[in-house]
Amino acid sequence: MKAVKFGGTSVSSAKSIYTVKRIIESDPDRRFIVVSAPGKTDSEDKITDILIYAASKSGNERVKAFEKVEKRFRALCDGLSLNGALDGDLAVIETELIGASADYIISRGEYLTAKLLSLLLGFEFVDAAEIIKFDGGAYDDKQTESVCAKRLAGISRAVIPGFYGGDEKGGTVTFPRGGSDISGAIVARAIAASLYENYTDVDGFMTCDPRIVPHAEPIDILTYGELSELLYMGANVLHPEAVFPVRSANIPTRILNTFNRKALGTVIVPTAEFLNGGYERKNKSPVTAIAGKRNLYSLYIRKSAMSKDVGFIRRLLGCFEAFNIPVENISSGIDFASVFFGAQEKKTAEELAEAVKRETVPDSAYLTAGVSLIAIVGHGIKSRPDVAARAVNRLCNANINLKTIVRSDGEINIILAVSDNDFERALIALNGEFEV
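Residues numbered from 1 in each chain as written. Predicted model: local features only at pLDDT ≥ 70, side-chain atom pairs only at ≥ 80, totals over all residues. Heavy atoms only, no water.

What follows is about the overall build of the chain. Regarding its fold elements, the chain presents 16 helices and 18 strands. Against the compact-globule benchmark of 22 Å for 436 residues, the chain has a radius of gyration of 24 Å, which places it among compact chains. Based on the C-alpha atoms only, the size of the chain along its principal axes is roughly 75 × 50 × 40 Å. Expressed as a percentage of the 436 residues in the chain, the buried residues total 53%. A separation threshold of at least 6 residues defines the contact pool for the chain, and within that pool the share at least 24 residues apart is 74%. Just so you have it, the chain exposes about 19600 Å², and 49% of that area is on carbon and sulfur atoms. (Helix = DSSP H or I, 4+ residues; strand = E, 2+ residues; numbered from the N terminus. Rg over C-alpha atoms; globule rule 2.2 N^0.38 Å. Buried < 20%, exposed > 50% of the residue type's maximum accessible area, 1.4 Å probe, protein only. Contact = heavy atoms within 4.5 Å. Areas by Shrake-Rupley, 256 points an atom, 1.4 Å probe, with all protein chains shown as cover.)

Below you can see the structure in the form of structure tokens.
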């Protein structure tokens, strides 16, 4: 039994929805379907973007903005020979628009898409507000796990809207953008799926960002441990929070392309099973993938005998906590520490740097903008001492200055820091070195 999630591009037109229908019907194990709202087409905006705009308005302006959504769904119904099938649902939403919460309005794209697909397939419709629970605005995983499993247990086949759930007051609460991935993973765990299939418009996870490295290749097998590192470093095929439900239940995930059925996609598997020989990867390189994030800051602090100053790092990081800014990476030595972090505004980063100076009283400190972090990820790294040396040598040959390198014992990644100006060249150079 499989849980299957289809993203916005997969349900953006009547033609693509027919493709979704064929995919589902080609495998009787595809019994629980989670859908996003229709995505962007050549002539239409993303439904969710229209709904966000509508939610920002009030009164008749809100109703007028919703007319675009009505028109799009009526056209989808007509294109699927389900003329008028959603008229009742659209009428109900329109009557509730003016007094509705923003989350309710924004979630209606997924709601209507799930209703439409359930009618097309003849599957039961299950409202996500019934089975995905929030408490005080925060997702309640424990309650959701219980409620979701119980509600779906007696159902043979169902279509469920992604992206939102319900709270203790009967209201609607949405996940962050891209949250339908989370919904799909939750449903997969609830039905104890043998596999969670996530259909998108790409062939799977790639060995490097194909926008920068055009010859990057799809990865056939990826572990959840490797996936976590790649998501943290900016790979955006899946929502980062979508990993936990299936990872905790040891359910494999397959990333597939709705529009390229020949592509085998990427299977994301439990780390322990992979390390115990349960899966074999085609590519024998010690490096599985390379990813990175840019537009960061680095704060360099030098203080004599810093390593003997008990509590120095605590005081340093306490400043980041006070500013509510997470640390991306930190490296330190006897007399120095470098902290890498992101900040939305330069002024905030400068104020943070001043706070650090006051708190730690360093001999010197300076803030640098325009820094990138690159992660070389793979289980093979642990047993290959040459990987770090090859990475540094490759960057040197490409005339790229390395700001720092961090490798922790037993970890599956090596973190490199370079200038934003060198980010793309560094990715290309490293990808070529390890043939990933």
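Here the structure, examined in full by the defined rule, presents 27 salt bridges. Note that glutamate 197 is salt-bridged to lysine 2, the shortest N-O span being 3.5 Å. Of this pair, glutamate 197 sits in strand S9 (residues 195–200) while lysine 2 sits in strand S1 (residues 2–6), and the two are 195 residues apart along the sequence. Here glutamate 197 matches lysine 2 in class, with each residue buried. Across the salt bridge formed by arginine 281 and glutamate 226, the nearest N and O atoms sit 2.6 Å from each other. (Salt bridge = Lys/Arg side-chain N within 4 Å of Asp/Glu carboxyl O.)

Our focus in this paragraph is the packing of aromatic side chains. On inspection of all chains with the given rule, the structure shows nine aromatic pairs. Here the aromatic rings of tyrosine 111 and phenylalanine 125 are separated by 5.4 Å at their centres, their planes lie at 85°, and the arrangement is edge-to-face. Taken as a pair, tyrosine 111 in helix H6 (residues 108–121) and phenylalanine 125 in strand S3 (residues 124–125) lie far apart in primary sequence, 14 residues in all. Neither tyrosine 111 nor phenylalanine 125 differs from the other in exposure class; each is buried. Joined through ring pairs, the aromatic side chains of Phe134, Tyr139 and Phe175 make up one cluster. Across the ring face of tyrosine 111, the terminal group of arginine 108 is positioned such that the distance to the ring centre comes to 4.5 Å. Positioned over the ring face of tyrosine 232 is lysine 293, at 4.3 Å from the centre of the ring. (Phe/Tyr/Trp six-rings, centres within 6.5 Å; stacked < 30°, edge-to-face > 60°. Lys NZ or Arg CZ within 6 Å of the ring centre and 35° of its normal.)

We now examine the environment of valine 4. Structurally, the position occupied by valine 4 is in strand S1. A relative accessible area of 1% places valine 4 in the buried class. Sequence separation of valine 4 and valine 187 is 183 residues, and the distance between their C-alpha atoms is 9.0 Å. Sequence-distant contacts of valine 4, that is, excluding residues within four places in its chain, are made with Arg30, Phe32, Ile33, Val34, Glu197 and Tyr199.

On to the nonpolar core. Counting 97 residues, the largest nonpolar core has Phe6, Ile33, Leu117, Leu152, Phe205 and Leu227 as its most contacted members. Of all hydrophobic cores here, the second largest spans 22 residues; its members include Val213, Ala216, Val418 and Ala426. (Core = buried A, V, L, I, M, F, W, Y, C linked by side-chain atoms within 4.5 Å.)

Turning our eyes to something else, we now look at a nonpolar patch on the surface. Residues Ile313, Leu317 and Ile330 make up a contiguous nonpolar surface patch of about 190 Å² in total accessible area. Looking at the secondary structure, you find isoleucine 313 in helix H13 (residues 312–322). Judged by its relative accessible area of 32%, isoleucine 313 is partly exposed. (Patch = residues over 30% accessible without salt bridge, like charges linked within 9 Å, V, L, I, M, F, W, Y side chains within 5 Å.)

Once that is clear, we can look at the sheet that holds strand S13 (residues 289–302). Within the open sheet, the six strands sit side by side as S14-S15-S13-S16-S18-S17. Their pairing is antiparallel. If you trace the sheet from one side to the other, it starts and ends with strand S14 (327–332) and strand S17 (404–407), each paired once. For this sheet, the mean inter-axis angle between neighbouring strands, taken without regard to orientation, is 30°. Strand direction decides the pairing type here: S13 and strand S15 (residues 336–341), joined by six bridges, are antiparallel. Of the residues in S15, the one forming a bridge with arginine 302 is phenylalanine 336. Across the sheet, H13 touches S13, S14 and S15, and the angle it forms with S15 is around 25°. In the packing of helix H14 (residues 346–360) onto the sheet, the strands contacted are S13, S15 and strand S16 (364–377), and the crossing angle to S13 comes to about 45°. (Pairing = 2+ DSSP bridges. Axes fitted to C-alpha atoms, helices over the stretch in contact; angles between N-to-C directions.)

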